[in-house]
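Coordinate inspection notes
Chain by chain, the residues run as shown.
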Amino acid sequence: MSEKNLRIVLASRPTGWVEPSNFRLEEAEVPRPGEGEVLVRVKWLSLDPYMRGRMNEGRSYAARVELGEVMVGGTLGEVIASRHPGFAPGDRVVGQQGWQRFGIAPAKALMKVPDPRLPETAWLGAAGMPGVTAWMGYREIGGLVAGQTVVVSSASGAVGSVAGQLAKIAGCRAVGIAGGATKCDYVVKELGFDACVDYKSGPMHESLKAACPAGIDVYFDNVAGEILDAVLRRVNPNARIALCGLISGYNGDDIPLRNVFSLLVNRVRLQGFIVSDRMDLWPEAMGGLAAHVVAGRIRYRETVTEGLETAPASLIALLKGDNFGKRLVRIL
Ligand SMILES: NC(=O)c1ccc[n+]([C@@H]2O[C@H](COP(=O)([O-])OP(=O)(O)OC[C@H]3O[C@@H](n4cnc5c(N)ncnc54)[C@H](OP(=O)(O)O)[C@@H]3O)[C@@H](O)[C@H]2O)c1
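These remarks concern the structure in this document. (Residues numbered from 1 in each chain as written. Predicted model: local features only at pLDDT ≥ 70, side-chain atom pairs only at ≥ 80, totals over all residues. Heavy atoms only, no water.)

1. Details of the environment of Lys-200
Formally: Secondary structure counts use DSSP, requiring at least four H or I residues in a row for a helix and at least two E residues in a row for a strand, with both numbered from the N terminus. By definition, residues are in contact when any of their heavy atoms lie within 4.5 Å.
Summarising the element assignment, Lys-200 is placed in the loop between strand 10 (195-198) and helix 5 (205-211). In sequence terms Lys-200 and Glu-57 are 143 residues apart; their C-alpha atoms lie 32 Å from each other. Ignoring sequence-local partners within four residues, the contact set of Lys-200 consists of Gly-179 and Gly-180.

Rendered as structure tokens:
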């Protein structure tokens, strides 16, 4: 192939905030698929907060990216060449090709786009990993009971927006927490949450109390820190907290927790989860989410930048909160 591969590798590990210098753009040969493998041209790269953790040296729930390795990332692309009978050139596939224009994958690591009725980027967002994360948090920990109050932080984001809409579909009162009036307006007016608290407009306690007059039964937490503490002051007995993310501490800050008393006296169940632990549930989750998207019951918003070169700045913006909805890079 005369075309070259373009890829972004991890050049150095961040200390604190991610910097553009942590990445390096490289040109390389387009790889050739081996027996049982497929060559994919990436069209869309998903940017997600977990990428910050993969840039660290330390141990986590998934392997770190080594220095000089291509950055990890969920992708949607087109099969260019296949040495597996299950895939043919032209197939649209969801995979993990990472931050590059062309990637090789074993056939078992690819999924054909399951339902052509959806816009293809939905498979990286509301009907893909972020949507499945929202679904899984309730399935494994939160449990949705009609009439109960569900609070979701980072409510305008890829995971939070789906979490709130799933709560509404189940007949719950859905209350979002988001940064700024524009995001809160979107969460209520476009996504249909019952209320949204702007955590940037001052201490949250009174506004959370007003938005949750019957207390809080389920908290879908994407953030932790001060927001989790504020929620713990309003939880009902036997509340469930699905701990999905800790974005307030991803750049290395401590994550304090003060209202520990509330966990005990309210018999709160707080449990973390990792969406990839239950891959067996993904087909069920994706099927349900796709049906909601097609029917217009789940809506979403995307922030798209153009070209692989924009990925570092775009990830940095995502981690700094300068983000609205699902963040994607269109690979040209
Ligand atoms: N457990 C799992 O398996 C799993 C899977 C996927 C994602 N996650 C986690 O789910 C969370 C949401 O992911 P996402 O892809 O949907 O990202 P996202 O919510 O679309 O984007 C990140 C958002 O986090 C908010 N934020 C950033 N810094 C914050 C801070 N210090 N305090 C409060 N909010 C802050 C910002 O929204 P505001 O402007 O509203 O603050 C920002 O837009 C992340 O923590 C991620 O790691 C977990």
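Still to come is the rest of the account.
2. Looking at the site of the ligand
This is how the line gets drawn: We call a residue near a molecule or strand when any one of its heavy atoms sits within 4 Å of it. For the purposes of these results, a polar contact is taken to be a pair of N or O atoms within 3.5 Å, where, inside protein, one atom must be able to donate a hydrogen and its partner to accept one; residues adjacent in sequence count only when each atom of the pair is a side-chain atom. All accessible areas in this document rest on Shrake-Rupley with a 1.4 Å probe, and a residue is counted as covered only by the protein chains that are shown. Under the convention adopted here, Pro, Cys and the residues Ala, Val, Leu, Ile, Met, Phe, Trp and Tyr are nonpolar, Asp, Glu, Lys and Arg are charged, and Gly plus all remaining residues are polar.
In the neighbourhood of the ligand, 26 residues make up the surrounding shell, with Ser-154, Lys-183, Tyr-199, Tyr-250 and Val-275 lying closest. Between an oxygen atom of the ligand and a side-chain N or O atom of Tyr-199, the distance comes to 2.4 Å. In the environment of the ligand, an oxygen atom lies 2.7 Å from a nitrogen or oxygen atom belonging to the backbone of Val-275. For the ligand, whose accessible area on its own is 920 Å², the fraction buried by protein is 91%. Only helix 2 (129-142) and helix 3 (158-169) provide two or more residues apiece to the shell around the ligand. Residues of the shell around the ligand, tallied by class, amount to 15 nonpolar, 10 polar and 1 charged.

3. Description of the side chain of Arg-54
What counts, and what does not: Think of it in three bands: with a 1.4 Å probe and only protein chains considered, a residue is buried below 20% of the maximum accessible area for its type, exposed above 50%, and partly exposed in between. A residue counts as positive if it is Lys or Arg and as negative if it is Asp or Glu; His and the chain ends are not included. Put simply, a salt bridge is a Lys or Arg side-chain nitrogen that is within 4 Å of an Asp or Glu carboxyl oxygen.
Take Arg-54: it is sitting in helix 1 (residues 50-54). The side chain of Arg-54 is buried and forms no salt bridge, while Glu-69, the nearest opposite charge, is found at 9.2 Å. Excluding anything up to four places from it in sequence, Arg-54 contacts Arg-13, Tyr-61, Ala-62, Ala-63, Arg-64, Val-65 and Val-72.

4. Some remarks on helix 9 (residues 311-319)
Burial analysis of helix 9 places 8 of its 9 residues in the buried class, which makes it a mostly covered element. Among the residues of helix 9, those classed as buried are Ala-311, Pro-312, Ser-314, Leu-315, Ile-316, Ala-317, Leu-318 and Leu-319. Buried residues belonging to helix 9 abut strand 1 (5-10), strand 2 (23-28), strand 3 (37-47), helix 1, strand 14 (302-306) and strand 15 (326-330). Looking one or two residues past helix 9, Gly-321 carries a phi angle of roughly 90°, positive in sign.

5. Some thoughts on the sheet that holds strand 11 (residues 216-221)
Heads up, the rule is: In this analysis, strands are considered paired if DSSP registers two or more bridges between them. Orientation is described by axes fitted as lines to C-alpha atoms, over the contacting stretch for helices, and by angles from 0 to 180 degrees between their N-to-C directions.
Strand order across the open sheet formed by 6 strands is 10-9-8-11-12-13, with parallel pairing between neighbours. Every interior strand has two partners, whereas the edge strands, strand 10 and strand 13 (269-272), have only one. With direction set aside, neighbouring strand axes in the sheet form an average angle of 15°. One ladder, built from 3 bridges, connects strand 8 (residues 149-153) with strand 11; its direction is parallel. Looking at the pairing, Val-150 lines up with Val-218 of strand 11. This element, helix 3, spans strand 8, strand 9 (173-178) and strand 11 of the sheet and lies at about 170° to strand 8.

6. Considering the environment of Asn-323
Assignment of secondary structure puts Asn-323 in the loop between helix 9 and strand 15. Note on Asn-323: relative accessible area 13%, which makes it buried. As for Asn-323 and Ser-156, which are separated by 167 residues in sequence, their C-alpha atoms are 9.0 Å apart. Aside from chain neighbours lying at most four places away, what touches Asn-323 is Lys-183, Thr-303, Ala-317 and Leu-318.

7. Some points on a nonpolar patch on the surface
Counted only if it meets this: By definition, no residue in a patch forms a salt bridge, and every one has over 30% relative accessible area; like charges are joined within 9 Å, nonpolar side chains (Val, Leu, Ile, Met, Phe, Trp, Tyr) within 5 Å.
A cluster of nonpolar side chains, namely Phe-261, Leu-264 and Val-265, defines an oily patch on the protein surface of about 370 Å² accessible area. Looking at where Leu-264 falls in the secondary structure, it is placed in helix 7 (residues 260-265). Among the residues examined, Leu-264 registers a relative accessible area of 67% and is labelled exposed.

8. Observations concerning the nonpolar core
Inside soluble globular proteins, nonpolar side chains tend to come together where they are buried. Quick reminder of the rule: Side-chain atoms within 4.5 Å link the members of a nonpolar core, which is a set of buried Ala, Val, Leu, Ile, Met, Phe, Trp, Tyr and Cys residues.
Formed by 47 residues in total, the largest nonpolar core has its most connected members in Trp-123, Val-132, Met-136, Tyr-138, Leu-166 and Phe-220. Within the residue set of this core, elements represented by two or more residues are helix 2, strand 8, helix 3, strand 9, helix 4 (181-190), strand 11 and helix 8 (282-294). Excluding its chain neighbours within four sequence positions, the residues that come into contact with Phe-220 are Thr-133, Ala-134, Gly-137, Tyr-138, Val-151, Val-152, Ser-153, Val-159, Ala-163, Ala-242, Cys-244 and Phe-273. Leu-10, Phe-23, Tyr-50 and Met-55 belong to the second-largest nonpolar core, a separate cluster that totals 22 residues.

9. Thoughts on the pairing of strand 8
As a reminder of what qualifies: The handedness of a crossover follows from its direction of travel: if, with the strands pointing away from the viewer, the path from the first strand over the helix to the second runs clockwise, the crossover is right-handed.
Within strand 8, 5 of the 5 residues are buried, which leaves it mostly tucked inside the rest of the structure. Across the two faces of strand 8 the burial is the same, with Thr-149, Val-151 and Ser-153 and Val-150 and Val-152 all buried. Where strand 8 meets strand 9, 5 bridges bridge the pair, whose relative direction is parallel. By the bridge assignment, Val-151 is partnered in strand 9 with Val-175. Each parallel crossover has a hand, and the one from strand 8 via helix 3 to strand 9 is right-handed.

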